[in-house]
Amino acid sequence: MRTLALLLALLLAWPVHAAEITATRSGSGGAITVTRGQAGATSTKASVLAYLTALPTGASNRLMLGTMDDFASACNGDEVDEFVANGNGKYPAIMACDYTVEGTGTASSGTVSYTNPNTELTAFWNSDGLVMVTMHIQNPCLAGSITESNNDVRTNCSAANFTQLITSGSTIYNRWRGAGYLQDVRDGLQVLEDAGVVVLFRPLHEMNLAFWWGDQNAANFKTLWQQTYDYLVTDSGLSNLLWVYSALSGAGNEDAFYPGDAYVDMTALDAYKGTGSASGQWCHAGFPAAQGYDALLALGKPFFFSEVGDSNPTDPDGNINYLAMINCVEDNNMTNAFAMVSWKRKHAFGYVAGAVNNGLPAALTHAWVMTRDEVNIPEPAATGAVTFTR
């Protein structure tokens, strides 16, 4: 067993834009010093961040497996159940849900619906798991004309409209903060905070390529992220969020949209089989440096893979070997990753189609892998040192 001393320095008088929580590792296997910046940041959140920062320093049980369950009302635990059924009764360590309605071509696509996600995520948190929230939120740049034909999260937001989005007092700026957008996201996250749930919050993901917020002017995107943070944390008072900057691996510019240390708690990559690889394999020569891992690690934040899977949505069997992917992480010295979260359905760890599965039973034999029953986050303390044993 290995004991890690976690010093939780809970400082309450930092400037508004000081980083909410800063975790610093002192050498291999060394102590993790966690400093609380925002007055509202909870010691529970500091404990979670310290735990995840320290996790990759272990020889075993150092890589959490997680799964994305589903969108909005469809987030009902089905993907988690598949993980359990195919994983010999083991639960994923992380459960993710999306706060918005999935799909395109309907007026409801991208609207916020958090009731089911919150029910599932609260239950999972109370069972000692970790939870993550993302949002494929509808485009506020559509001038209020959300219709079946144009409501696609990938619908473009023009440069001019994006500038209006970050301009205080503009129609688009106010819409982004109103009902159907951030106001509803805030309300959902507040329910989780009231239940004592710490959330890995992954907004505006894959900003280096996809979606209406993606591939925008980098300075403007950073402002949007910072304003979103200020609305939810500074103005609304949410203190249960660990902010995840999640870029798309292989799209380039993975670190170009990074909004600054004060607005990010951890970094992540969405990495799919075939992305950036002529061979079509998830693991290939040059992956760590060429596909964004090195660039994000250099930012100095805890790191994980926030989405993994097959980039080909028509693949009938998923055709993913997750044990090979974990071996790839180990063999290519991507040793600072604390988790790997599979996307849903064919991508999921628990997916089985006939005799074909995504390799979960074999993956669970890897010494690095951690499931929910092995998560051991220390109880928060008002001050001083917290020691936990893995």
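Residues numbered from 1 in each chain as written. Predicted model: local features only at pLDDT ≥ 70, side-chain atom pairs only at ≥ 80, totals over all residues. Heavy atoms only, no water.

### As for the state of the cysteines
Here the structure, examined in full by the defined rule, presents two disulfides. A sulfur-sulfur separation of 1.9 Å characterises the disulfide bridge that pairs C75 with C97. Residue C75 is located in the loop between β4 (63-71) and α2 (78-86), and its partner C97 is located in strand β5 (residues 94-98); the two are separated by 22 residues in the primary sequence. Exposure remark for C97: the relative accessible area of 0% places this residue in the buried category. (Disulfide = S-S within 2.5 Å. Helix = DSSP H or I, 4+ residues; strand = E, 2+ residues; numbered from the N terminus. Buried < 20%, exposed > 50% of the residue type's maximum accessible area, 1.4 Å probe, protein only.)

### As for the nonpolar core
Core analysis: the biggest nonpolar cluster contains 103 residues, and M64, W176, F201, W212, W213, F304 and F305 have the highest contact counts within it. Apart from residues no more than four positions distant in its own chain, F304 is found in contact with M132, L200, V244, M266, T267, A268, L269, F338, A339 and V341. (Core = buried A, V, L, I, M, F, W, Y, C linked by side-chain atoms within 4.5 Å. Contact = heavy atoms within 4.5 Å.)

### Digging into the environment of E120
Relative to the helices and strands, E120 is located in helix α3 (residues 115-126). For E120, the residues in contact, after removing those within four places along its chain, are C75, N76, G77 and M95.

### Here's the deal with the packing of helix α6 (residues 182-194) against helix α7 (residues 218-235)
Packing of α6 against α7 brings their axes to within 10 Å, and their N-to-C directions diverge by 45 degrees. Judged by the inter-axis angle, α6 sits oblique to α7. Judged by the twist between their axes, the crossing of α6 over α7 is right-handed. Side by side, α6 and α7 meet where L182, Q183, R186 and L189 of the first sit next to T228, Y231 and L232 of the second. Its residues placed into classes, the contact of α6 with α7 shows four nonpolar, two polar and one charged. (Axes fitted to C-alpha atoms, helices over the stretch in contact; angles between N-to-C directions. Parallel < 35°, antiparallel > 145°, perpendicular 65-115°, else oblique. Left-handed = near helix turned anticlockwise from the far one by under 90°. Nonpolar A, V, L, I, M, F, W, Y, C, P; charged D, E, K, R; others polar.)

### Looking at the pattern of salt bridges
Using the criterion set out here, one finds five salt bridges in the structure. The residue D70 makes a salt bridge to K344 at a minimum N-O spacing of 4.0 Å. Separated by 274 residues along the polypeptide, D70 in strand β4 and K344 in the loop between β11 (337-342) and β12 (352-353) bring together distant segments of the chain. For D70, a relative accessible area of 8% gives the class buried. A salt bridge links D270 to R202; its shortest N-O distance comes to 3.0 Å. (Salt bridge = Lys/Arg side-chain N within 4 Å of Asp/Glu carboxyl O.)

### Thoughts on the packing of α3 against α6
Direction vectors running N to C along α3 and α6 enclose 25 degrees, while the axes themselves pass 10 Å from each other. Put simply, α3 runs roughly parallel to α6. Where α3 crosses over α6, the two elements pack in a sense that is right-handed. On the side of α3, the interface is formed by N118, L121 and T122, while α6 contributes G188, V191 and L192. Partitioned by chemical class, the residues of the contact of α3 with α6 number three nonpolar, three polar and no charged.

### Quick look at the packing of aromatic side chains
Aromatic ring pairs are reported here in terms of the distance separating the ring centres and the angle at which the planes meet. Under the definition given, this model contains 17 aromatic pairs. Geometrically, the ring pair formed by W176 and W212 is edge-to-face, given 5.5 Å between the ring centres and 85 degrees between the ring planes. Linking W176 in helix α5 (residues 171-176) with W212 in the loop between β7 (199-202) and α7, this pair joins segments that are 36 residues apart in sequence. Each member of the pair, W176 as well as W212, carries the same accessibility label: buried. Pairing Y293 with F303 gives two aromatic rings, centres 5.1 Å apart and planes at 85 degrees, and the pair type is edge-to-face. Linking Y293 in helix α9 (residues 293-297) with F303 in strand β10 (residues 303-310), this pair joins segments that are 10 residues apart in sequence. Classification of F303 as buried rests on a relative accessible area of 1%. Taken together through their ring pairs, the aromatic side chains of F201, F221, W225, Y229, W243, Y245, F257, Y258 and Y263 make up a single cluster. It is R177 that lies over the ring of Y173; its NZ or CZ is 3.6 Å from the centre. The ring of F124 is capped by R372, whose NZ or CZ atom sits 4.8 Å from the centre of that ring. (Phe/Tyr/Trp six-rings, centres within 6.5 Å; stacked < 30°, edge-to-face > 60°. Lys NZ or Arg CZ within 6 Å of the ring centre and 35° of its normal.)

### Some points on the layout of surface pockets
By volume, the second largest pocket amounts to about 240 Å³. Around the second largest pocket sit 13 residues that line it, and W125, D128, I377, P378 and E379 are the ones nearest its centre. When the residues that make up the lining of the second largest pocket are grouped by side-chain class, the tally is seven nonpolar, four polar and two charged. (1 Å grid on protein atoms, 1.4 Å probe; cavity = no way out; pocket = protein on both sides within 12 Å on 5 of 7 lines; lining within 4 Å. Points joined across faces, edges and corners; volume = space filled by probe spheres on them.)

### Quick word on the confidence of the model for the protein
The predicted model of the protein averages 80 in pLDDT, with 73% of residues at 70 or higher. Counted against residues more than four places away or in other chains, residues 275-280, with its pLDDT under 50, gives 11 contacts. Low pLDDT, under 50, characterises residues 384-390; the stretch is placed with 36 contacts to residues that sit more than four places away or in other chains. (pLDDT = per-residue confidence, 0-100.)

### A closer look at α3
With 12 residues, α3 extends 17 Å from end C-alpha to end C-alpha; this agrees with the ideal 16 Å at 1.5 Å per step. Along α3, the residues classified as buried are P117, N118, L121, T122, F124 and W125. Angularly, the buried residues of α3 cover 165 degrees about the axis, an arc narrow enough to put them on a single face. Set apart from the buried face of α3 by more than 90 degrees, the exposed residues are T115, T119 and N126. Looking one or two residues past α3, D128 carries a phi angle of roughly 80 degrees, positive in sign. (Expected span 1.5 Å × (residues − 1). Arc of directions from axis to C-beta.)

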